[in-house]
Amino acid sequence: MEGSFPVGAVVSRHGEVVATGCNHIFATGRDLAGSGLAHAEIDALRKLTTDPHDDLLLTTTLEPCPMCMGAIYVKRVGAVEFLAADPYGGACGLAPLNPLMRRYEPRLAGPDDGPAGRVAQNLVVAWLVSTGHWSATLQAFAEHDPALVHRVRNDLADELSGAAAAGAPFSDIVDLF
């Protein structure tokens, strides 16, 4: 993700990957890179044809924001799964606002309470803590789950940095969560 917000997205059809995307808002040299539009979901969805996609599943590490949910509706994606809730920008709870949204409303699932959801949420909070970006976003996470932010700030940051720098396998890093 080239130093950008740690969010990825996968679009699949019946278990087969159709498109992938990752966040590039702080990257350079890619489509939309360096802009607030370079979200993982947008990166994945832009690779699809203009046909309706009712049979597609978009899986993303963080609850989609209003912009990404708009793109999901416009592309008519059939289902959305997200691993971690986004207490700042998450828009999966928004009611459909117009006839288009009511006609093509995707099935929603998330957040994931298992290890994958914990890893996704911890990575997002660790990135926010370590970069100092988006203090309002970090504040929303702190209000939503004070223990998570406290743990990442005080207990996990050094361990994560050390494990990543040492080239630890991802499974070892997951064990930290």
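Conventions used here
Residues numbered from 1 in each chain as written. Predicted model: local features only at pLDDT ≥ 70, side-chain atom pairs only at ≥ 80, totals over all residues. Heavy atoms only, no water. Pairing = 2+ DSSP bridges. Helix = DSSP H or I, 4+ residues; strand = E, 2+ residues; numbered from the N terminus. Axes fitted to C-alpha atoms, helices over the stretch in contact; angles between N-to-C directions. Buried < 20%, exposed > 50% of the residue type's maximum accessible area, 1.4 Å probe, protein only. Phe/Tyr/Trp six-rings, centres within 6.5 Å; stacked < 30°, edge-to-face > 60°.

**Description of the sheet that holds strand S1 (residues 8-13)**
Working step 1: With respect to topology, 5 strands assemble into an open sheet ordered S2-S1-S3-S4-S5, the strand pairing being mixed. Two strands bound the open sheet, and with one partner strand each, they are strand S2 (16-22) and strand S5 (107-109). Across this sheet, the average inter-strand angle for adjacent strands is 15°, counted without regard to direction.
Working step 2: Pairing analysis gives 5 bridges linking S1 to strand S3 (residues 56-62), with the strands arranged antiparallel. Paired with Val10 across the bridge in S3 is Thr59.

**Side note on unusual backbone geometry**
Working step 1: Backbone torsion omega between Gly110 and Pro111 reads -5°, so that peptide bond is classified as cis.
Working step 2: Tracing the backbone shows Pro111 in the loop between S5 and helix H4 (115-131).
Working step 3: For His14, which is not glycine, the phi dihedral falls at a positive 50°.
Working step 4: Take His14: its relative accessible area is 72%, and that puts it in the exposed class.
Working step 5: Here the phi dihedral of Arg76 falls at roughly 60°; this positive angle occurs in a residue that is not glycine.
Working step 6: Turning to its location among the elements, Arg76 is positioned in the loop between helix H2 (66-75) and strand S4 (79-84).
Working step 7: On the basis of relative accessibility, which here comes to 27%, the residue Arg76 falls in the partly exposed class.

**Here we look at the pairing of S2**
Working step 1: Sheet topology places S1 next to S2; 6 bridges connect them, and they run antiparallel. Residue pairing in the sheet places Arg13 in a bridge with Glu16 of S2.
Working step 2: Where S1 hands over to S2, the hairpin turn is made up of 2 residues, of which His14 adopts a positive phi near 50°.

**As for the packing of aromatic side chains**
Working step 1: A full pass over the atoms with the stated rule returns 2 aromatic pairs.
Working step 2: Centre to centre, the rings of Phe5 and Trp127 are 5.1 Å apart; their planes meet at 75°, and the pair counts as edge-to-face. Residue Phe5 is found in the segment before S1, and its partner Trp127 is found in helix H4; the two are separated by 122 residues along the sequence.
Working step 3: Among the residues examined, Trp127 registers a relative accessible area of 11% and is labelled buried.
Working step 4: Ring centres of Phe26 and Trp127 lie 5.7 Å apart, and the angle between their planes is 35°; this geometry places the pair in the tilted category. Taken together, the residues span a long stretch of sequence, with Phe26 in the loop between S2 and helix H1 (40-45) and Trp127 in helix H4 at a distance of 101 residues.
Working step 5: Taken together through their ring pairs, the aromatic side chains of Phe5, Phe26 and Trp127 make up a single cluster.

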